[in-house]
Amino acid sequence: MLRVGRAVACVACNNLVSKNMGVRFRMPLQKLHPLSRAIHHRYNASANAQRPPHCSAARHFTSMSRLPMRSPKPPPGGHGGWRYQQHRNFWMLRLASRLLKLRYIVLGSAVGGGYTAKKTYEEWKDMLPDMSAYNWVIPDFVWELSDQIDLDKLTKILPELEEIAKLLPELPDFDKIGENFTFLKSILSTAEAPGDTPVKAATEAPVTATPEASDKQFKKSSDKEKVDQLQEELLRTQMKYQRMLERLEKENKDLRKVVLQKDEKGIHQRKIKVCKSLIDMYSEVLDILSDFDSNYNTQDHLPRVVVVGDQSAGKTSVLEMIAQARIFPRGSGEMMTRSPVKVTLSEGPHHVAMFKDSSREFDLGKEEDLAALRHEIELRMRKSVKEGQTVSPETISLSVKGPGIQRMVLVDLPGVISTVTAGMAADTKETIFSISKNYMQNPNAIILCIQDGSVDAERSIVTDLVSQMDPQGKRTIFVLTKVDLAEKNLASPNRIQQIVEGKLFPMKALGYFAVVTGKGSAGESIDSIKDYEEDFFQNSRLLRDGMLKAHQVTTKNLSLAVSDCFWKMVRESVEQQADAFKASRFNLETEWKNNYPRLRELDRNELFEKAKNEILDEVISLSQVTPKHWEAILQKKLWERVSTHVIENIYLPAAQTMNSGTFNTTVDIKLKQWTDKQLPHKALEVAWETLQEEFARFMAEYKGKDQDDIFDKLKEAVKDESIKRHKWNERAMDSLRVIQHNALEDRSITDKPQWDAAIQFMEETLQARLKDTDSVINDMVGPDWKQRWMSWKNRSPEQHTRNETRNELERLLKLHEDHTAYLANDEVTTVRKNLEGRGVEVDPALIKDTWHQLYRRHFLQKALQHCNLCRRGFYYYQRHFVDSELECNDVVLFWRIQRMLLITANTLRQQLTNTEVRRLEKNVKEVLEDFGEDNERKVHLITGRRVQLAEDLKKVREIQEKLEAFIEALHKEK
């Protein structure tokens, strides 16, 4: 018997015997662990002669203490107390034995349950794929740690493991395991140094220390063959499980898509929502920061992945592989990326894309939506480029969501060029460098440096630029593209190994990756590119010969590495950035309190809305102007506009005819011509100017009512633009022409007040003209003797000549008071000779010009005298008396003009109040809407330190709040 713990194994009965106070307990040996059974059977051979005497075939087990399992029942009837006491004592012993037996039951259950659980676990583990084939995805530093294992200790324990394996022949494949143990022990025993790896020892060191050289050579070659076989088997297993892993990843992607589409509020769904919204929150902060111009040393130092590379190096293809869709415009050798494109990648139930300023979703699973997205990106790029330029610093914001996409923010920059070609702006190269440096100088920006592996490394420009911006390589990830072409074209593949190990370029990086982004066809799908990339690296000697590490290849590993680096950088820098904006906010609030303590903090948009409401109120006030006010203004302005024409071209030519019939005929002809051609246009111009002036007057009145002068430029621009857009109704001109023609044809003055009003109107007009004429004559002849003596003024030679000419012409008018308007040639000669006789040389043109002004004054003086005489002429006019001494046709003319002005003003007032004021209000609203959408115009029209301070304060608050919300969500995700 072999003691196991406190139990004894019986060979013949296959029972486990326990010696504990005579309690019997049996357990079938088949339920024991296989190792225990092996030990039992091994012991059976050595202990067969020493079999215990208590064991026999007829009696399997007898208690060593001979105590019964169950106390006998007391006989019927009581016969003495000692029998009852004996029965009670046996009951106590029986209870104790059962309690002791219980722990062995528990122990046996634990052993059996443990073995059952072990067996279930082994069966479940056999169903899983052998993940040891994926040791190639483990970073190199893990394998470096394996070199530090104490091989001596491992060598010492191998014999024991081998013996244990021999004791377990019934377990599956243990023979093969035993052989492997022997082989491994031989390899370890031949290792020359502690740092040598087992494979190196197997290939370089002798297997045993036998003196026969042939046996050494034979064993050495056999070990090498085994190593080669193991490598080939490892590659086959790797390919097998790689395909299995891809299938599982695809199923996992589909399952995640189903989970994301569910509306359940489970724990997993809440986690997905947090993950999905986290990157969106971060992207919003970056969008605000891109428009923020800091003046308080609060720069944008938040991380983003900046993608830089030489033109046609494959930047766009790498981004498309990460985004899992062909979303960017493509061209063969032509510059396609003309402005930075910020792409926010996040996980979502559907593979879609959307622009920041648009609500349209592009389904990336449909080819027509992909084509529309590429076309829209190209249009936005070309629109952002100013005339005469090739690239633009304006950023296009795009978000891409889909199942399994790594969360990060990437910025695709225009490709770096070495030469400016035809069709490009002369400063294109410098502009691209400036844009790239602007993004890379952010100390927390992750630089994704893309290098074309199919061209000579010496032709690269971007590596020098990256080295300048990140000399230590603490935030640079190097990506070698087109490795398939590089392996095919390069004579020495070791050059690829040097590049990926960072030994060829004079730049440092956090990591080096090698990718393949397709065969160069624009029609390739993302799935086909992935398949091609995986097939290439599985069959490539670069990976098989160890020139490239498995974790350094494929865009999938690149995407995972970039995402991990991005979020690590975000977690390290976001709180520091939030503190910086908190300090900036305090500075801005302090400046506002000190400079504008009684004003609200209104930003540019809020000020624009306030000004918009004031302007609309001012336009509405135009409808409250009284009709009398409109007509008075219109009548006055219209007369000011047409009075010169009426006096100079109608009244004076007709009045100088000295004949009543000729006067009326001339007046009718000239009035008809005037009405047909000029008068309606003049009237509409006057009406429109009046509307503008009233609009400006109301704005000025509002300005006096505590109006903010910060709106002056905006209101003036709105007024000018509204007037520019406003066009009077053309049909109003035709109706106005008919009304004016009918008013001027009427000659019937019905009552004395109208007659008196016409005389007053005529008298005021003539007096104003006479005053203007006297002013012109005084300027011609210079100051008189009183002004010369009192003000010490002198006449110029020309004024002296005109003064002498005036005196001579006034003597002529005194002799001929009824002289015509024109001076005859002989009269001009006479005046000239008279002046020469007094020593004054004068030109005939000067004589005629002076005569015109003198005769005009003379005529107006006579007209005023005649107007005074006509005050009593209404009686003769009403009865159509013919009186040659009192003809008041000129009074009738002024009455016709006055009536036309009154009727025209009334008509224009109706058009203004009924139509044009409303149209102006509509134009003003349209102009305000256009200005509201034009941020550049608003910045130009609403300016000042107060506005800029409010703008900065609003943005800093918004950035700080969003950063704090993002940090809170980031902590919850942890």
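Structure's up top.
The following refers to the structure shown. Only a predicted model underlies this, so the values are computations on that prediction, with no experimental measurement involved.

**Notes on the overall build of the chain**
Each helix and strand in the chain was counted, giving 32 helices and 12 strands. In the chain, which comprises 974 residues, the share counted as buried stands at 41%. The long-range fraction of contacts in the chain, counting pairs at least 24 apart against all pairs at least 6 apart in sequence, stands at 77%. For the chain, the exposed surface amounts to about 54,900 Å²; the carbon and sulfur share of it is 52%.

**Remarks on the side chain of threonine 463**
Note that threonine 463 resides in helix H12 (residues 462-469). In contact with threonine 463, not counting residues within four places along its chain, are Cys449, Gln451, Phe478, Phe505 and Met507.

**Re the environment of isoleucine 650**
Examined against the element boundaries, isoleucine 650 turns out to sit in helix H19 (residues 627-655). For isoleucine 650, a relative accessible area of 0% translates into the label buried. Sequence separation between isoleucine 650 and lysine 670 is 20 residues; the distance between their C-alpha atoms is 6.2 Å. Aside from chain neighbours lying at most four places away, what touches isoleucine 650 is His645, Lys670, Leu671 and Trp674.

**Here's the deal with unusual backbone geometry**
Phi is positive for serine 312, close to 65 degrees, though the residue is something other than glycine. Tracing the backbone through its elements, the reader meets serine 312 in the loop between strand E4 (305-309) and helix H9 (315-323). Although it is not a glycine, threonine 554 adopts a positive phi angle of roughly 75 degrees. Mapping threonine 554 onto the fold places it in the loop between helix H16 (541-544) and helix H17 (555-595).

**Brief notes about the pairing of strand E9 (residues 408-412)**
Burial runs high along E9: 5 of the 5 residues are buried. Of the two faces of E9, both are covered, the one formed by Met408, Leu410 and Asp412 as well as the one formed by Val409 and Val411. Of the pairings in the sheet, the one linking strand E5 (residues 341-347) to E9 comprises 5 bridges and is antiparallel in character. When the bridges of E9 are listed, valine 341 appears paired with aspartate 412.

**Observations concerning the nonpolar core**
In terms of nonpolar packing, the biggest core is built from 98 residues, with Tyr651, Trp674, Trp755, Ile897 and Val924 touching the most fellow members. Among the elements that line this core, the one with the most residues is helix H30 (residues 889-933), at 17 residues. One finds Leu278, Ile477, Leu558 and Val574 within the second-largest nonpolar core, a separate group that totals 66 residues.

**Here's the deal with the pattern of salt bridges**
Summed over the entire model, instances satisfying the criterion amount to 48 salt bridges. One salt bridge in this structure joins arginine 856 and glutamate 648, with 2.1 Å as the shortest N-O distance. Residue arginine 856 is located in helix H28 (residues 844-869), and its partner glutamate 648 is located in helix H19; the two are separated by 208 residues in the primary sequence. Arginine 856 gets classed as buried once you look at its relative accessible area, which sits at 11%. Between glutamate 921 and lysine 925 there is a salt bridge, and its shortest N-O distance comes to 3.7 Å. Here glutamate 921 and its partner lysine 925 are both found in helix H30, 4 residues apart, which amounts to about one turn of the helix. A single network of salt bridges, built from pairs that share partners, joins Arg585, Glu589, Glu601 and Arg957.

**Here we look at the packing of helix H24 (residues 752-781) against helix H26 (residues 797-815)**
It is the contact of H24 with H26, at a shortest axis distance of 7 Å, that shows an interaxial angle of 125 degrees. One way to sum up the angle between H24 and H26 is to call them oblique. In this structure, H24 contributes Ile777, Asp779, Met780 and Val781 to the contact, and H26 contributes Gln799, Arg802, Asn803 and Arg806. Along the lines of polarity and charge, the residues of the contact of H24 with H26 split into 3 nonpolar, 2 polar and 3 charged.

**Brief notes about the environment of proline 506**
Relative to the elements of secondary structure, proline 506 occurs in the loop between helix H14 (494-500) and strand E12 (511-514). Along the backbone, proline 506 and proline 471 are 35 residues apart, and their C-alpha atoms lie at a distance of 9.4 Å.

**Quick look at the packing of aromatic side chains**
Inspection of the entire model under this criterion finds 15 aromatic pairs. Taken together, a centroid distance of 5.6 Å and an interplanar angle of 80 degrees make the contact between tyrosine 282 and phenylalanine 566 edge-to-face. On the criterion of sequence distance, the pair formed by tyrosine 282 in helix H8 (residues 267-290) and phenylalanine 566 in helix H17 is long-range, its members being 284 residues apart. Taken individually, tyrosine 282 and phenylalanine 566 each receive the classification buried, so the pair is uniform in this respect. Aromatic pair phenylalanine 355 and phenylalanine 362: ring centres 6.0 Å apart, planes at 85 degrees, arrangement edge-to-face. One aromatic cluster in this structure is built from Trp639, Tyr651, Phe761, Trp851, Tyr855, Phe859 and Phe894. Sitting over the ring of phenylalanine 355, arginine 380 keeps its end group 4.1 Å from the ring centre.

**Some thoughts on the state of the cysteines**
One pass over the full model with this rule turns up 1 disulfide. Between cysteine 870 and cysteine 888 runs a disulfide, and the two sulfur atoms are separated by 2.1 Å. Given an S-S torsion of about -105 degrees, the disulfide between cysteine 870 and cysteine 888 has left-handed geometry. Here cysteine 870 is found in the loop between H28 and helix H29 (874-878), whereas its partner cysteine 888 is found in the loop between H29 and H30, with 18 residues between them in sequence. Judged on exposure class, the residue cysteine 870 and its partner cysteine 888 are both buried.

**A short note on the sheet that holds E9**
With mixed pairing, 9 strands are arranged side by side in an open sheet as E7-E6-E8-E5-E9-E4-E10-E11-E12. Taken across any chain shown, the strands that pair with only one partner, and hence form the sheet edges, are strand E7 (362-363) and E12. Taken together, the 5 bridges between E4 and strand E10 (residues 446-452) define a ladder with parallel strand orientation. Bridging across to E10, valine 307 finds its partner in leucine 448. Together, E4, E5, strand E8 (396-402), E9, E10 and strand E11 (476-481) form the strand contacts of H9, whose direction differs from that of E9 by roughly 160 degrees.

So, how was this worked out
- Per chain, residue numbering runs from 1 following the sequence as it is written.
- Residues qualify for local features only when their pLDDT is at least 70, as the model is predicted, and side-chain atom pairs are given and counted only at 80 or more; totals for whole chains, interfaces and linings, by contrast, use all residues.
- Side-chain metrics rest on all non-hydrogen atoms present in the structure, leaving aside hydrogens and water.
- Helical segments are the DSSP runs of H or I of at least four residues, strand segments are the runs of E of at least two, and each set is numbered from the N terminus.
- A simple rule labels every residue: compare its accessible area, found with a 1.4 Å probe on the protein chains alone, to the largest value its type can have, and call it buried under 20%, exposed over 50%, or partly exposed in between.
- Note on definitions: a residue-residue contact is assigned when non-hydrogen atoms from the two residues lie within 4.5 Å.
- All accessible-area figures derive from a Shrake-Rupley calculation using a 1.4 Å probe, and residue coverage is judged against the displayed protein chains alone.
- DSSP bridges decide pairing: two strands pair if at least two such bridges lie between them.
- Buried residues of nine kinds, namely Ala, Val, Leu, Ile, Met, Phe, Trp, Tyr and Cys, make up a nonpolar core once their side-chain atoms join them within 4.5 Å.
- Salt bridges are defined by distance alone: a side-chain nitrogen of Lys or Arg within 4 Å of a carboxyl oxygen of Asp or Glu.
- Lines are fitted to the C-alpha atoms to define the axes, a helix being fitted only along its stretch in contact, and any angle between axes, read from their N-to-C directions, falls within 0 to 180 degrees.
- An angle below 35 degrees is read as roughly parallel, one above 145 as roughly antiparallel, one from 65 to 115 as roughly perpendicular, and any other as oblique.
- Amino acids are sorted into nonpolar (Ala, Val, Leu, Ile, Met, Phe, Trp, Tyr, Cys and Pro), charged (Asp, Glu, Lys and Arg) and polar (every other residue, Gly among them).
- We call Phe, Tyr and Trp rings a pair once their centres come within 6.5 Å, taking the six-membered ring for Trp, and we label the pair stacked below 30 degrees between planes, edge-to-face above 60, and tilted otherwise.
- Over a ring means this: the NZ of a Lys or the CZ of an Arg is within 6 Å of the ring centre and within 35 degrees of the ring normal.
- Defined by distance alone, a disulfide is two cysteine sulfur atoms within 2.5 Å.

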